[in-house]
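Chain by chain, the residues:
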Amino acid sequence: MKSFGLFFLLVLLACALVQLFLPWWMLVPACLLLAAWRNPSGGRAFVAGLLGAGLSWWLPATWLTSHGAGLLATRVATLLPLGGSAPLLVLVSGLLAGLVGGLACLSGTWLRQAFAPKAAPQSLL
């Protein structure tokens, strides 16, 4: 559990920092490299990427929507089939970012396993 929490925090911080200075899609290489470096299991990598990338997107979007950008979010939600609901737009965008981050972390874990597989236990027979 400790390593999952640490990996989750690393993903959250990396995604938040990357999105401050670079395009949003740069969270994909950040998640992929972090997962390849830390080598968590596939399920833990996906969940940590889902939560870390999703929260790094969802928290600023919620803050911006509640502090003056709500009109823009409402207009964007009107363009999309969301019925003009700004909170639904924030929720959907955070979910999409989380899925992208989770799949990137899972890809990083699988990439690490492809190039450096763990040794199989030796049979006694």
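**Examining unusual backbone geometry**
- The residue asparagine 39 is not glycine, and still its phi comes out positive at about 55°.
- Mapping asparagine 39 onto the fold places it in the loop between helix H2 (27–38) and helix H3 (42–79).

**A look at the nonpolar core**
- The biggest cluster of nonpolar side chains holds 15 residues, and the ones touching the most others in it are Phe7, Val11, Cys15, Leu27, Cys31, Ala48 and Cys105.
- Here this core gets six residues from one element, more than from any other, and that element is helix H1 (residues 2–21).
- What leucine 27 contacts, discounting residues up to four positions off in sequence, is Cys15, Val18, Gln19, Ala53, Ala97, Val100 and Gly101.
- The next biggest cluster of nonpolar side chains, apart from the first, holds five residues, and it includes Ala73, Ala77, Leu82 and Ala86.

**Topic: H3**
- Relative to the 56 Å expected for 38 residues at 1.5 Å per residue, H3 spans just 36 Å between its end C-alpha atoms, considerably shorter than the ideal helical length.
- The largest bend along H3 measures about 110° and falls at alanine 69.
- Those residues of H3 that sit buried are Gly42, Ala45, Ala48, Gly49, Gly52, Ala53, Gly54, Ser56, Ala61, Gly70, Ala73 and Ala77.

**Quick notes on the side chain of threonine 109**
- Residue position: threonine 109 is located in helix H4 (residues 86–115).
- Judged by relative accessible area, threonine 109 falls into the buried class, the value being 0%.
- Not counting residues up to four positions away in its chain, the partners in contact with threonine 109 are Ala35, Asn39, Pro40, Ser41, Gly42 and Ala45.

**Some words on the packing of H3 against H4**
- With their axes 6 Å apart at the nearest point, H3 and H4 run at an angle of 155° to one another. Classed by the angle they form, the pair H3 and H4 counts as roughly antiparallel. For H3 against H4, the interelement crossing comes out right-handed.
- Tallied by class, the residues present in the contact of H3 with H4 amount to 19 nonpolar, 13 polar and no charged.

**A look at the state of the cysteines**
- Throughout the structure, instances matching the rule amount to zero disulfides.
- Cysteine 15 takes part in no disulfide bond, and the closest cysteine sulfur, belonging to cysteine 31, lies 3.5 Å away.
- Judged by its relative accessible area of 0%, cysteine 15 is buried.

Thresholds applied
Residues numbered from 1 in each chain as written. Predicted model: local features only at pLDDT ≥ 70, side-chain atom pairs only at ≥ 80, totals over all residues. Heavy atoms only, no water. Helix = DSSP H or I, 4+ residues; strand = E, 2+ residues; numbered from the N terminus. Core = buried A, V, L, I, M, F, W, Y, C linked by side-chain atoms within 4.5 Å. Buried < 20%, exposed > 50% of the residue type's maximum accessible area, 1.4 Å probe, protein only. Contact = heavy atoms within 4.5 Å. Expected span 1.5 Å × (residues − 1). Bend = angle between axes of the 7 residues up to and from the residue. Axes fitted to C-alpha atoms, helices over the stretch in contact; angles between N-to-C directions. Parallel < 35°, antiparallel > 145°, perpendicular 65-115°, else oblique. Left-handed = near helix turned anticlockwise from the far one by under 90°. Nonpolar A, V, L, I, M, F, W, Y, C, P; charged D, E, K, R; others polar. Disulfide = S-S within 2.5 Å.

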